[in-house]
Each structure stands twice: as structure tokens, then as C-alpha cells.
Amino acid sequence: CVHKNAPVDLLIAKLDGLEKLLSVDSAISLSRKISLSFNEISAKEKLKSKNSSTVSQVLQSKLCNDQDITVRKSLASNKNITEESQLILSKDSSFLVREALALNRIITERVQLILSEDEENIRMALARNGNLTRTVQSKLSQDSNYNVRFALSKNKKSIYYSRV
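So, here is what we can say about the structure in this document. (Residues numbered from 1 in each chain as written. Predicted model: local features only at pLDDT ≥ 70, side-chain atom pairs only at ≥ 80, totals over all residues. Heavy atoms only, no water.)

### Some points on the overall build of the chain
When helices and strands are tallied, the chain shows 10 helices and zero strands. Across the chain, helices and strands are ordered from the amino to the carboxyl terminus as α-α-α-α-α-α-α-α-α-α. Only carbon and sulfur atoms are counted for the fraction: they give 52% of the accessible area of the chain, which is about 10,000 Å². (Helix = DSSP H or I, 4+ residues; strand = E, 2+ residues; numbered from the N terminus. Areas by Shrake-Rupley, 256 points an atom, 1.4 Å probe, with all protein chains shown as cover.)

### A word on the pattern of salt bridges
Applying the stated rule across the entire model yields five salt bridges. Here arginine 98 and aspartate 118 are joined by a salt bridge, their closest N and O atoms 2.7 Å apart. Taken together, the residues span a long stretch of sequence, with arginine 98 in helix 6 (residues 95–103) and aspartate 118 in the loop between helix 7 (109–115) and helix 8 (120–127) at a distance of 20 residues. Aspartate 118 shares its class with arginine 98; the two are buried. Among the charged side chains, a salt-bridge network with shared partners connects Arg98, Asp118 and Glu119. (Salt bridge = Lys/Arg side-chain N within 4 Å of Asp/Glu carboxyl O. Buried < 20%, exposed > 50% of the residue type's maximum accessible area, 1.4 Å probe, protein only.)

### Here we look at the side chain of serine 90
When you line up the elements, serine 90 lands in the loop between helix 5 (83–89) and helix 6. Of note is the side chain of serine 90, whose polar atom sits 2.7 Å from the backbone oxygen of leucine 87. The contacts of serine 90, once residues within four sequence positions are left out, are Arg98, Leu101, Val111, Ile114, Leu115 and Asp118. (Polar contact = N/O pair within 3.5 Å; in protein donor to acceptor, adjacent residues only side chain to side chain. Contact = heavy atoms within 4.5 Å.)

### Regarding the side chain of arginine 98
Relative accessible area serves as the criterion here: at 7%, arginine 98 is assigned to the buried category. Excluding anything up to four places from it in sequence, arginine 98 contacts Leu89, Ser90, Lys91, Asp92, Ser93, Leu115, Asp118, Glu119 and Ile122.

### Concerning the environment of glutamine 137
You can see glutamine 137 is positioned in helix 9 (residues 134–141). Taking the relative accessible area as the measure of exposure, glutamine 137 reaches 4% and is therefore buried. With residues up to four places along the chain from it excluded, the contact list for glutamine 137 reads Leu132, Leu152, Lys157, Ser158, Ile159 and Tyr160. Of note is the side chain of glutamine 137, whose polar atom sits 2.7 Å from the backbone nitrogen of isoleucine 159.

### Some remarks on the nonpolar core
Proteins that are soluble and globular tend to have nonpolar side chains buried together. If you look at the biggest cluster of nonpolar residues, it comprises 26 residues, and the most contacted ones within it are Leu89, Leu101, Leu115, Leu126 and Leu140. At the level of elements, helix 3 (57–64), helix 4 (69–77), helix 6, helix 7, helix 8, helix 9 and helix 10 (146–153) are the ones that each hand at least two residues to this core. Those residues in contact with leucine 101, other than ones at most four positions away along the chain, are Ala76, Ile81, Gln86, Leu89, Ser90, Ile107, Val111 and Leu115. (Core = buried A, V, L, I, M, F, W, Y, C linked by side-chain atoms within 4.5 Å.)

Below you can see the structure in the form of C-alpha cells.
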């Protein structure tokens, strides 16, 4: 049994020992799975830090389905999130994840349009996004909810900005 925080060299030594018990193909497969787990852990740590860096699309896809809401929320806020991950997170069950995505200035118009159909609080967060397309701004300006329209009017980057 190996502890989850065991050093890499210990895990490699364990893998070397497994090669004697497993076929070469099985050992290689296991090695790849462990390597991917290390990459996932590294990616999660990067996302949780304030200086989040680029995470590959493969890892982003895995992180979109992570059980830890803080990981998904961090990914939603990440400035390097791909459109594919944005689309997945725009349907996330957590309000907090979708809100973080709505506030992310780099989301695509396609994702903005999806979020503009979401519940009131998500539309309000989206209305505060400083990088909305004109199409989405126009749609939000005609929202049936006053709070959404008001949030858009207070967005200094909006074509509907009002100082009053």
C-alpha cells in the first residue's frame, strides 16, 4: 500500500516491482494512469493558486467533472479556460461554478448566450461581466427581470451604462 502523498521515487520503485508481477503492457498502462494522476493533482494545485497557469484540454475536461466544487470554480475563473470546458461548466449543477464562469471576461459569445438563459443570479453576474458582446448586452437589456437590466446599466463597459 502506498500513501497518496508518497514521493515520486517511491512510487516509481513500486512500479518497478510491479513490472515483475504484471505483463509489460499492464505495467505501462498502470504507469500512465499514475502519471496522469500526478498531472491532475498538479493541475488542481495550479488552479487553486492565484497565479493559475495553462492546463491542457485533457486535464481541463477531467477537472470539469471533479467532485471538488472549488476545483471546478477555479477552472471556471481561469483566464486560460478553453471553450470546450466553458461549455461543460455552463451546465454545471453548482450555482457558484456558473457564477464564476459568468464573471470570467474571456468566455465566448456562445457561452455568454447560454448563461443569458440561466437563472436570475447567473444573468445578473453575466451582466456585470466587462467583456460582453453587443448581442448579449442587447439581450440582457431586454431581460424580464429588473435586477438583470439594472446590473447591466451599472457595468461601465456596457453600451447601456448609466451613471444615474
